[in-house]
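An overview of the molecular structure
Chain by chain, the residues:
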Amino acid sequence: MDVVVVGSLAYDSIETPAAKGERLLGGSATYAGLASSASGASCGLVGVVGDDFREEDRHLLATSGLHLDGLVTAEGRTFHWEGTYSGAMGEASTLNTELNVFEAFDPEVPNAWTAPKVLFCANLHPALQAKVLDQCTPTRLRMLDSMNLWIDIARPLLIDVLNRVDLVVLNDGEVRMLADDANLVRAAQWLHGELQPGSILVVKRGEHGVLALHPSGMLHVPSVPSPGLVDPTGCGDSFAGTLAAHLSKGEGPVNRDELRSGLEHAAVVASYTLQGLGVTGLVAMEQSDRAERLQALQALTR
Ligand code: AMP
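Now for a quick tour of the structure. (Residues numbered from 1 in each chain as written. Predicted model: local features only at pLDDT ≥ 70, side-chain atom pairs only at ≥ 80, totals over all residues. Heavy atoms only, no water.)

Another point: the overall build of the chain. Of the regular secondary structure elements, the chain holds 11 helices and 13 strands. Over its C-alpha trace the chain gives a radius of gyration of 17 Å, about what one expects of a compact globule, namely 19 Å for 302 residues. Across its three principal directions, the C-alpha atoms of the chain cover 50 × 40 × 35 Å. Counting the 302 residues in the chain, one finds 55% classified as buried. Element-wise, carbon and sulfur atoms account for 49% of the exposed surface of the chain, whose accessible area totals about 12,500 Å². Averaged over its 21 positive side-chain charges, the chain has a centre that lies 6 Å from the centre of its 37 negative ones. (Helix = DSSP H or I, 4+ residues; strand = E, 2+ residues; numbered from the N terminus. Rg over C-alpha atoms; globule rule 2.2 N^0.38 Å. Buried < 20%, exposed > 50% of the residue type's maximum accessible area, 1.4 Å probe, protein only. Areas by Shrake-Rupley, 256 points an atom, 1.4 Å probe, with all protein chains shown as cover. Lys, Arg positive; Asp, Glu negative; His and termini not counted. Charge placed at Lys NZ, Arg CZ, Asp CG, Glu CD.)

The mixed open sheet is built from four strands, whose spatial order is β3-β2-β6-β7. Bordering the open sheet on either side are β3 (20-26) and β7 (93-98), each of which pairs with just one other strand. Looking at each pair of strands side by side, their axes are set apart by 20° on average, direction ignored. Here strand β2 (residues 10-15) pairs with strand β6 (residues 79-84) via six bridges, running parallel. Note that in β6 the partner of Ser-13 across the bridge is Glu-82. (Pairing = 2+ DSSP bridges. Axes fitted to C-alpha atoms, helices over the stretch in contact; angles between N-to-C directions.)

Not every one of the 18 residues close to the ligand is listed here, only the nearest: Ser-8, Asp-12, Gly-27, Gly-234 and Asp-237. Asp-12 places a side-chain nitrogen or oxygen 2.5 Å from an oxygen atom of the ligand. Gly-236 places a polar main-chain atom, nitrogen or oxygen, 3.2 Å from an oxygen atom of the ligand. Here the ligand, which alone exposes 510 Å², has 86% of that area covered by the protein. Of all the elements in the fold, those that place two or more residues in the shell around the ligand are β2, β6, α4 (148-153) and α8 (235-247). Looking at the shell around the ligand element by element, the count peaks at three residues for α8. (Near = heavy atom within 4 Å. Polar contact = N/O pair within 3.5 Å; in protein donor to acceptor, adjacent residues only side chain to side chain.)

A word on the pairing of strand β8 (residues 118-121). Neither face of β8 is exposed, since Val-118 and Phe-120 on one face and Leu-119 and Cys-121 on the opposite face are all buried. Bridging between β8 and strand β9 (residues 141-145) involves four bridges; their strand directions are parallel. Paired with Cys-121 across the bridge in β9 is Leu-144. You can see the chain leave β8, run along helix α3 (residues 126-135) and come back into β9, and the turn it takes is right-handed. (Right-handed = clockwise from strand over helix to strand, strands pointing away.)

Two numbers describe how helix α9 (residues 256-273) lies on helix α11 (residues 287-300): the axes approach to 9 Å, and their chain directions differ by 120°. On the basis of their axis angle, the class for α9 and α11 is oblique. The handedness of the crossing between α9 and α11 comes out as right-handed. Residue-level contacts link Glu-264, His-265, Ala-267, Val-268, Val-269, Ser-271 and Tyr-272 of α9 to Asp-289, Arg-290, Arg-293, Leu-294, Leu-297 and Gln-298 of α11. Partitioned by chemical class, the residues of the contact of α9 with α11 number six nonpolar, three polar and four charged. (Parallel < 35°, antiparallel > 145°, perpendicular 65-115°, else oblique. Left-handed = near helix turned anticlockwise from the far one by under 90°. Contact = heavy atoms within 4.5 Å. Nonpolar A, V, L, I, M, F, W, Y, C, P; charged D, E, K, R; others polar.)

The next point concerns the nonpolar core. Formed by 55 residues in total, the largest nonpolar core has its most connected members in Val-5, Leu-61, Met-143, Leu-167, Val-202, Leu-243 and Leu-263. When residues of this core are assigned to their parent elements, the largest contribution, eight residues, is made by α9. Excluding residues within four positions of it along the chain, Leu-263 makes contact with Val-202, Val-210, Ala-212, Leu-219, Val-221, Phe-239 and Leu-243. By size, the runner-up hydrophobic cluster in this structure holds 46 residues, among which are Leu-133, Leu-162, Leu-195 and Leu-277. (Core = buried A, V, L, I, M, F, W, Y, C linked by side-chain atoms within 4.5 Å.)

Another aspect to go through is the pairing of strand β1 (residues 3-6). The two faces of β1 match: Val-3 and Val-5 on one face and Val-4 and Val-6 on the other face are all buried. Relative to strand β4 (residues 43-50), β1 is paired through four bridges, and the arrangement is parallel. When the bridges of β4 are listed, Val-3 appears paired with Cys-43. Summarising the sheet, β1 and β8 pair through four bridges and their orientation is parallel.

Listed below in structure tokens is the structure:
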């Protein structure tokens with residue numbers, strides 16, 4: 001397996017200034033897995049859904065090339081997240097989170113998947129991320145994402161898992177919150193210093209692009225300028241899933257050029273995700289159009 005993703009599979013109720021939908025397929029693992037698979041990686045999902053999970057959604061995941069042997073169906077309802085965005089849609093406000101089947105979930109990575117090239121712990125309770133880290137020995141890279149909720153309610157566990165991975169992806173608000181410092185560069189440098197030696201910290205900054213702290217220094221990659229923002233849900237997850245797929249193709253320590261190229265591909269995929277409500281923008285991504293967007297993005301910094 002190139003990439004194993006553990007994270008949430010969800011039904012999301014979303015309202016943005018441009019669109020609104022109830023019980024849409026979502027979740028951190030869903031977006032990350034779809035993006036990873038669309039970037040040519042063989043990708044397995046580890047997660048749980050309830051017995052209300054729709055057959056058409058399972059079909060979409062399977063026909064997108066995702067391997068579902070690590071996906072458990074438990075008695076009860078699928079995880080549900082309700083969020084809203086306003087103004088420039090820079091940040092979601094969570095209205096409601098129902099853990100449902102996640103409350104009793106004990107992740108089990110299928111035996112055949114315990115040594116993937118890249119393990120991506122997408123946003124999930126850090127105790128569950130830790131259980132998956134215990135079971136896997138990736139041959140190249142361990143990546144991890146998180147969110148403000150876990151910084152608030154499970155900080156010690158989160159610090160623990162942050163220290164067990166090679167690449168951390170967070171957004172700027174989360175980095176400031178973890179460092180308790182409003183200055184982003186200082187906050188990112190502090191956090192990078194807290195990670196294990198040789199680690200990479202990727203700080204997502206929404207429409208402002210990403211700042212990455214690599215052992216050789218900092219780099220910046222812009223976002224694809226997108227006038228057609230409909231719903232930013234899953235941008236961060238599809239960004240990270242694409243990066244995981246890109247990095248699964250290489251060997252040895254991740255060098256600066258490879259990181260830059262991975263971040264550029266990730267920014268392009270995120271720009272499709274935000275064009276549609278839920279996963280629709282990501283699912284409709286066209287391969288040919290994608291190459292053009294990558295060129296346009298690269299031209300921005302030349
Ligand atoms: P993103 O917009 O990339 O940060 O991620 C949005 C996805 O995160 C949505 O599809 C939600 O279902 C999922 N999500 C929201 N809250 C949580 C949570 N507490 N744990 C796991 N996933 C969550």
